[in-house]
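What follows is the residue order along each chain.
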Amino acid sequence: MGKTVRKLLLVFIPAALCAQSSFDQGRALFRSNCAFCHGMTATGGRGPNLVSAPLSHGDTDVSIKRVIRIGVPGTTMPAFSEFTDEEVGQVIQYLQSLSKSSLRNENVPGNPQHGQQIYGEKDCSGCHRIGGQGSIFGPELTRIGGARSIEYLRDSIIKPSADVPEGYEGVTVVMKNGKRIRGLRINEDTFSIQLRDPSQQIRMFQKDELIGVTHETESMMPAYDRLSATDLQDLVAYLATLRGAVDSSAAVKKAGGIK
Ligand code: HEC
Ligand code: HEC
């Protein structure tokens, strides 16, 4: 590298860093704190789309700020209490400017009424609950449409093992008589393990009374990968309409203080 070029770089790089706009700072904060759930471009993933879908908690700066500061009770959206006001402002500015180009009116393709019918035919309620109806073996779906992106919902149906939410990991225990019991792991320590079997029963085992404990990497939900493209689309469209109220009495998670 020529001497002049190196000298020029020495002058330009710090200047470029100082000139970093508030948009860039907002993007950097977003990528390191939020992208894990909301996706690199904020169009959703484990968490909802924040730029091109309607926001269930409101889309004004004030309502977005409230969600970032205090989190959403009973969900994985944590409270970012350690951000400065300036940082929160930069993240909001970043999100608002992304949404200007796409508007928050994502149109979910498909027929939700037909999707609801498929939900019934496939007996999804044998493992899921919506508004008090159904089983609590799998996660409650009452507000799944406000909590996950469309792509995430589609994947949840056709390849459920792609992302298994915390608390829904499967486990198989083998008893001394050779009997195997499969369920969702609720609790485990050195000496004991607790699981919920598909009939909803909570079972507790002492490990010294077991031959083996296997932690599953596969989801306990069967993959519905044989649905026709239309049925899948309609089912996703139905799930996307599920935006029941947040349980405000539930606990709020705290952000891990990563920056
Ligand atoms: C561990 C996952 C996770 C992380 C990290 C996370 N979020 Fe969320 N966020 C969620 C989930 C899940 C929801 C949906 C909660 C619900 O059901 O209303 C949500 C909801 C939101 C909402 C409200 C969306 C709406 O529809 O009104 C905003 C705004 C938001 N998050 C912004 C952020 C920002 C900004 C960050 C980073 C500073 C962040 N989130 C980090 C999971 C996360
Ligand atoms: C045998 C029980 C069982 C059946 C039947 C079942 N699921 Fe699931 N489902 C689960 C479990 C357990 C999870 C959590 C683990 C995972 O995400 O794979 C889950 C996860 C999900 C999720 C993601 C939830 C979240 O919070 O991320 C969606 C969406 C879903 N199921 C929809 C459906 C639909 C739609 C049907 C019917 C076509 C269905 N499930 C049938 C057990 C089941």
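Reading guide: rules and limits
Residues numbered from 1 in each chain as written. Chains lettered and ligands numbered in written order. Predicted model: local features only at pLDDT ≥ 70, side-chain atom pairs only at ≥ 80, totals over all residues. Heavy atoms only, no water. Helix = DSSP H or I, 4+ residues; strand = E, 2+ residues; numbered from the N terminus. Rg over C-alpha atoms; globule rule 2.2 N^0.38 Å. Contact = heavy atoms within 4.5 Å. Areas by Shrake-Rupley, 256 points an atom, 1.4 Å probe, with all protein chains shown as cover. Lys, Arg positive; Asp, Glu negative; His and termini not counted. Charge placed at Lys NZ, Arg CZ, Asp CG, Glu CD. Near = heavy atom within 4 Å. Polar contact = N/O pair within 3.5 Å; in protein donor to acceptor, adjacent residues only side chain to side chain. Nonpolar A, V, L, I, M, F, W, Y, C, P; charged D, E, K, R; others polar. Salt bridge = Lys/Arg side-chain N within 4 Å of Asp/Glu carboxyl O. Buried < 20%, exposed > 50% of the residue type's maximum accessible area, 1.4 Å probe, protein only. Core = buried A, V, L, I, M, F, W, Y, C linked by side-chain atoms within 4.5 Å. Donors = N, O, S within 2.8 Å, 3.2 Å for Na, K, Ca; no water. Tetrahedral: all angles 85-135°; square planar, octahedral: opposite > 155°, others 65-115°. Arc of directions from axis to C-beta.

1. Looking at the overall build of the protein chain
A count of helices and strands for the protein chain gives nine helices and seven strands. Relative to the 2.2 N^0.38 estimate, which gives 18 Å for 259 residues, the radius of gyration of the protein chain is 23 Å and therefore markedly larger than a compact globule would have. Overall, the C-alpha framework of the protein chain stretches about 80 × 50 × 40 Å when taken along its three principal axes. By sequence separation, contacts in the protein chain at least 24 residues apart represent 61% of the contacts at least 6 residues apart. Of the roughly 15,200 Å² that the protein chain leaves accessible, carbon and sulfur atoms contribute 56%. Mean positive and mean negative side-chain charge positions of the protein chain (30 and 27 charges, respectively) differ by 6 Å.

2. A few points about the site of ligand 2
Taken together, 24 residues surround ligand 2, and among them Cys124, Cys127, His128, Ser219 and Met221 come closest. A distance of 2.8 Å is found between a nitrogen atom of ligand 2 and a side-chain nitrogen or oxygen belonging to His128. Within the side chain of Arg148, a nitrogen or oxygen atom sits 2.8 Å from an oxygen atom of ligand 2. Residue composition of the shell around ligand 2, grouped by class: 17 nonpolar, four polar and three charged.

3. Remarks on the pattern of salt bridges
Tallied over the full model, the rule gives eight salt bridges. Here Asp24 and Arg27 are joined by a salt bridge, their closest N and O atoms 3.1 Å apart. Of this pair, Asp24 and Arg27 are both found in helix α2 (residues 22-33), three residues apart, which corresponds to roughly one turn of the helix. The class for Arg27 is partly exposed, based on a relative accessible area of 29%. Arg185 serves as the salt-bridge partner of Glu188, at 3.0 Å between the closest nitrogen and oxygen. Overall, Glu188 belongs to the partly exposed group, its relative accessible area being 26%. A relative accessible area of 29% places Arg185 in the partly exposed class. Connected through salt bridges with shared partners, the residues Lys65, Arg69 and Asp85 form a single ionic network.

4. Quick look at the nonpolar core
Counting residues in hydrophobic clusters, the biggest one holds 21 residues, and the most contacted among them are Phe30, Ile68, Val91 and Leu95. Elements with a minimum of two residues in this core: α2, α4 (61-70) and α5 (85-102). If you tally residues by element for this core, the top one is α5, at five residues. In this structure, Ile118, Leu141, Ile144 and Leu227 belong to the second largest nonpolar core, which totals 17 residues.

5. With respect to the coordination of the iron atom of ligand 2
Protein coordination at the iron atom of ligand 2 comes from His128 (NE2) and Met221 (SD), with a distance range of 2.0 to 2.1 Å. Coordination at the iron atom of ligand 2 comes from six donor atoms whose angles at the metal span 87 to 178°, giving a geometry best classed as octahedral. In this pair, His128 sits in the loop between α6 (112-121) and β1 (129-130) while Met221 sits in the loop between β7 (210-215) and α9 (229-240), placing the two residues 93 residues apart along the sequence. You can call Met221 partly exposed: its relative accessible area is 26%.

6. So, the coordination of the iron atom of ligand 1
The protein atoms donating to the iron atom of ligand 1 are His38 (NE2) and Met77 (SD), with metal-donor distances spanning 2.0 to 2.1 Å. Bound by six donor atoms, the iron atom of ligand 1 shows angles of 87 to 179° at the metal and therefore octahedral coordination geometry. Taken together, the positions of His38 in helix α3 (residues 35-38) and Met77 in the loop between α4 and α5 put the pair 39 residues apart, joining distant regions of the chain. The class of His38 is buried, set by a relative accessible area of 9%.

7. Some details on α4
Every buried residue of α4 is accounted for by Ser63, Ile64, Val67 and Ile68. Seen along its axis, α4 keeps its buried residues to an arc of 135°; they face one direction. Taken from the residues just after α4, Gly71 is the one with a positive phi, measuring 70°.

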